[in-house]
Amino acid sequence: MKQRTLGSEHFHVSALGLGCMGMSFAYGQPGDEQQMIKTLHRAFDLGIDFLDTAEVYGPFTNESLIGKALKGHAGKVKIATKFGFHITDEGEGWERIKGVNSQPENIRASVEASLQRLGVEVIDLYYQHRLDPSVAVEDVVGTMADLVREGKVLHLGLSEISSETLQRAHAVHPITAVQSEYSLWSREPEQCLLSTCRQLGIGFVPYSPLGRGFLSGKLPVLAADDFRHYLPRFQKEALAHNLLLVEQLKDVAYGYSCSAAQMALAWVLAKGENIVPVPGASQIPHLEDNCRAVDIRLAEDDLALLDRLFVAENIIGERYTAQELTLVESDLPR
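Bear in mind the structure is a predicted one, so any value in this text is a computation, not a measurement.

A. Seen up close, the overall build of the protein. In terms of helices and strands, the protein carries 11 helices and 11 strands. What you see for the protein is a C-alpha radius of gyration of 19 Å, in line with the 20 Å of a compact globule of 334 residues. In terms of principal-axis extent, the alpha carbons of the protein reach across some 50 × 45 × 35 Å. Taken over 334 residues, the protein has a buried fraction of 55%. Taking the contacts inside the protein whose residues are at least 6 apart along the sequence as the reference set, 75% of them involve residues at least 24 apart. Roughly 14300 Å² of accessible area belongs to the protein as shown, and the carbon and sulfur atoms make up 52% of that amount. Averaging the coordinates of the 31 positive side-chain charges in the protein and doing the same for the 44 negative ones gives two points 4 Å apart.

Next comes the structure, spelled out in structure tokens:
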């Protein structure tokens, strides 16, 4: 597995990470724990050393799962996790989450709990999951910087923020990585955020680089409690239209003797050496398929073709509901 570097502090990670949310959260009932641990161990065998989780995934259960998988692998795997939601003590499902919370006392409580669940002494990369409008980002990063000085966190990150907010945060303490949704059908970061990251020497970590499985061309029948049922792009009319684009993606992939998923990931990887996507995978065959994307080199003509095919006006449906978009800061007017 190739390696890439995030941030000016030289945080070295595998060129492809693993998003772990779907193992415990959002996409129907959680998978069998032992099977998920086998998938994680297979990722380690393949050279993936960068796992992405969050306290809200479960809530809490995804970090605990990773903690179990890490036993015997101490020091070999880098962990990114996140704070920033107000979660009740019961921690039983998304419906119990009551908005955002980046007050200093919550940040401190969250990091201690995450360290315990993960079973590690330090968190490699700690993100603010979503902005809290009641706390200035300078104050949030100030508290996070204290965690670095105390040896509880190595690197800092922010998620779903604008370029202006990133610049303000980076002036307080070096930001190692920004995480935002970025894929062929979610290209908002190209407006300004990607260039700002390059200018400031900040890494960029795309989540959902496969469009929540859609761009793989193998979207399964969704479970009744799968949250994709509520996303605008997964509604019947939008889905039918967007599938036409996936067929064209498959045509390009055919020329490389690769899968649509590999082609979609190769496109993201081609957008910058500071980019490390974290596709999810609960099944070992999907994980192994994704890993082959790092060896694909897209010709400039094909890169440009995919750019043209997947322009925003060719996509039907927003990536989130209107309510969820209120938690996302963008460089685009809404």
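B. Layout of the packing of helix α4 (residues 137-149) against helix α5 (residues 163-172). Between α4 and α5, the least distance of the axes is 9 Å, while the angle of their chain directions is 40°. On the basis of their axis angle, the class for α4 and α5 is oblique. Relative to α5, α4 is oriented so that their crossing is right-handed. When α4 is examined against α5, the residues V137, E138, V141 and G142 are found in contact with a partner set consisting of T165, R168, A169 and V172. Its residues assigned to classes, the contact of α4 with α5 shows 4 nonpolar, 2 polar and 2 charged.

C. Seen up close, the nonpolar core. Grouped together as the largest cluster of nonpolar side chains are 106 residues, with contacts concentrated most on L18, F50, L306 and F310. Here this core takes 9 residues from helix α8 (residues 260-269), the largest share from any one element. In this structure L306 touches L184, R187, L249, V252, M263, W267 and L298, once residues within four positions along its chain are discounted.

D. Expanded view of the packing of aromatic side chains. The tally for this structure, following the rule as stated, stands at 9 aromatic pairs. The interplanar angle of 0° and the centroid separation of 4.5 Å between the aromatic rings of W185 and F214 together place this pair among those described as stacked. Of this pair, W185 sits in the loop between β10 (177-181) and α6 (193-200) while F214 is found in the loop between β11 (203-207) and α7 (236-254), placing the two residues 29 residues apart along the sequence. You'll find W185 and F214 in the same group, each marked buried. Grouped by ring-pair contacts, the aromatic residues Y182, F204 and W267 constitute a single cluster. The ring centre of W185 lies 5.0 Å from the NZ or CZ of R233, which sits over that ring.

E. Focus on the sheet that holds strand β5 (residues 78-83). Pairing is parallel across the open sheet formed by 7 strands, whose spatial order is β3-β4-β5-β8-β9-β10-β11. At either margin of the open sheet sits one strand with a lone partner, and together these are β3 (18-19) and β11. Note that strand β8 (residues 123-128) and strand β9 (residues 153-159) share 5 bridges and pair parallel. Looking across to β9, one finds that Q128 is bridged to L158. Taken strand by strand, α6 contacts β10 and β11, and its axis lies near 150° from that of β11.

About the criteria used
Residues numbered from 1 in each chain as written. Predicted model: local features only at pLDDT ≥ 70, side-chain atom pairs only at ≥ 80, totals over all residues. Heavy atoms only, no water. Helix = DSSP H or I, 4+ residues; strand = E, 2+ residues; numbered from the N terminus. Rg over C-alpha atoms; globule rule 2.2 N^0.38 Å. Buried < 20%, exposed > 50% of the residue type's maximum accessible area, 1.4 Å probe, protein only. Contact = heavy atoms within 4.5 Å. Areas by Shrake-Rupley, 256 points an atom, 1.4 Å probe, with all protein chains shown as cover. Lys, Arg positive; Asp, Glu negative; His and termini not counted. Charge placed at Lys NZ, Arg CZ, Asp CG, Glu CD. Axes fitted to C-alpha atoms, helices over the stretch in contact; angles between N-to-C directions. Parallel < 35°, antiparallel > 145°, perpendicular 65-115°, else oblique. Left-handed = near helix turned anticlockwise from the far one by under 90°. Nonpolar A, V, L, I, M, F, W, Y, C, P; charged D, E, K, R; others polar. Core = buried A, V, L, I, M, F, W, Y, C linked by side-chain atoms within 4.5 Å. Phe/Tyr/Trp six-rings, centres within 6.5 Å; stacked < 30°, edge-to-face > 60°. Lys NZ or Arg CZ within 6 Å of the ring centre and 35° of its normal. Pairing = 2+ DSSP bridges.

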